[in-house]
Amino acid sequence: MTLICLHTSLQNMVCVLALVQLCLWHFNGVFGDEVKSVSVMEGHSVTLHTDTQLQTHDVIEWRFGVQGSFIAKLNREAKTKPFISERLKNHVEIDDQTGSLIITNITTQHTGLYQLDIIGKTVQNKHFNVTVYAGLSVPVISRVSSQCSSSSSSSCCCVLCSVMNVSHDVSVSWYKGKSLLSSISVSDLNIRLSLPLEVEYQDTNTYRCVVNNPITNLTQHLHITQLCHECSGLTFIHKVVMCCAVVVFLMIVTTLLIFFIIWKHRKTLKDYQTGEDEITYAQPTLCERTTHKPESEMTEVLYTYYSISTN
């Protein structure tokens, strides 16, 4: 009985040691090998190179994610068409000569760990950590008086640089010439990132707002003369006073225009009446006109109407 128990214990120990050895091999394959980091912008293409001289009988397998989901396979000895996972068929290709994995029109969903297994006389493993960055939005610079400190609001222009729908590892920075003034970054997705800045009205320096990620950047320049003219920095009371002054001025101009139209109309009417008074009509006069004819004929009297008009 003692021998049986001892034999069983030895078997259990061997199984445990074998399991530990397998785990060590697995972790050595994942964490012992160098992981190559690859960064790419969304919508672009990226190639994960095998960088290995393949043999005729080699089998290349590509896996994705921590769970190692199978995505592509190439059997060079069988000379068959490469197998591509149905889920990634529209994005993934495999080079039948080198075994490299080509990802086209890549999206942020393709971010993650890729594992390459080259199975031949020996097994080679390589790992790629792919990070896909979403496209950047052009920064927008706007004036915001509420961001100004009370002590400098009368002499400074307060602006805000904003970027919408930022992705991870995005930062927004203000530069004065080549010098960095301030910067802010975020790791969350799909939020608005804003950074304020105060400048003098008469400042002639060059300011720019830059939004960037590890791959690319976009720049927007601040035009102080256009965005920060002093009139736009008036307080609410000043604006009300100016509006009232404009209204009063328009009322005065309108009143004068109405008076001028009335005066012009009256003058025209008066001139017309004066012209009528200067016309005098004379009474008609009937004049008798006798024609000499033979006595045998009756006398014919002709009357002529004369109208005499005098001014």
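Let me begin by describing the structure that accompanies this report. For clarity, every value in this text was computed on a predicted model and none was experimentally measured.

Before going further, it helps to examine the pairing of strand S8 (residues 112-119). In terms of strand pairing, strand S3 (residues 59-64) meets S8 through six bridges, oriented antiparallel. Among the inter-strand pairings, Val-59 is bridged to a residue of S8, identified as Ile-119. Bridging between S8 and strand S9 (residues 123-133) involves eight bridges; their strand directions are antiparallel. Residue pairing for S9: Asp-117 is matched across the bridge by Asn-125. Counted between consecutive antiparallel strands, the loop separating S8 from S9 contains three residues.

Turning our eyes to something else, we now look at the pairing of S9. Where strand S1 (residues 35-41) and S9 come together, seven bridges link them in parallel fashion. Considered in S9, the bridge of Ser-37 is made with Asn-129.

Turning next to the sheet that holds strand S15 (residues 207-212). Here we have four strands laid out as an open sheet, ordered S13-S12-S15-S16, and antiparallel in their pairing. Both outer strands of the open sheet, strand S13 (179-186) and strand S16 (217-222), are each paired with one neighbouring strand and no more. The sheet shows a mean angle of 15° between the axes of neighbouring strands, direction not considered. Relative to S13, strand S12 (residues 170-176) runs antiparallel, the two sharing seven bridges.

A word on the pattern of salt bridges. All told, the structure shown has four salt bridges when counted by the stated rule. Measuring nitrogen to oxygen at the nearest pair gives 3.2 Å for the salt bridge that ties Arg-63 to Glu-61. The salt bridge partner of Lys-73 is Glu-61, with a shortest N-O separation of 4.0 Å. With Lys-73 in strand S4 (residues 69-75) and Glu-61 in strand S3, this residue pair connects regions lying twelve residues apart in the sequence. The class for Lys-73 is partly exposed, based on a relative accessible area of 34%. Each of the salt bridges in this network shares a partner with another, and the network as a whole consists of Glu-61, Arg-63, Lys-73 and Asp-117.

Conventions adopted
Residues numbered from 1 in each chain as written. Predicted model: local features only at pLDDT ≥ 70, side-chain atom pairs only at ≥ 80, totals over all residues. Heavy atoms only, no water. Pairing = 2+ DSSP bridges. Helix = DSSP H or I, 4+ residues; strand = E, 2+ residues; numbered from the N terminus. Axes fitted to C-alpha atoms, helices over the stretch in contact; angles between N-to-C directions. Salt bridge = Lys/Arg side-chain N within 4 Å of Asp/Glu carboxyl O. Buried < 20%, exposed > 50% of the residue type's maximum accessible area, 1.4 Å probe, protein only.

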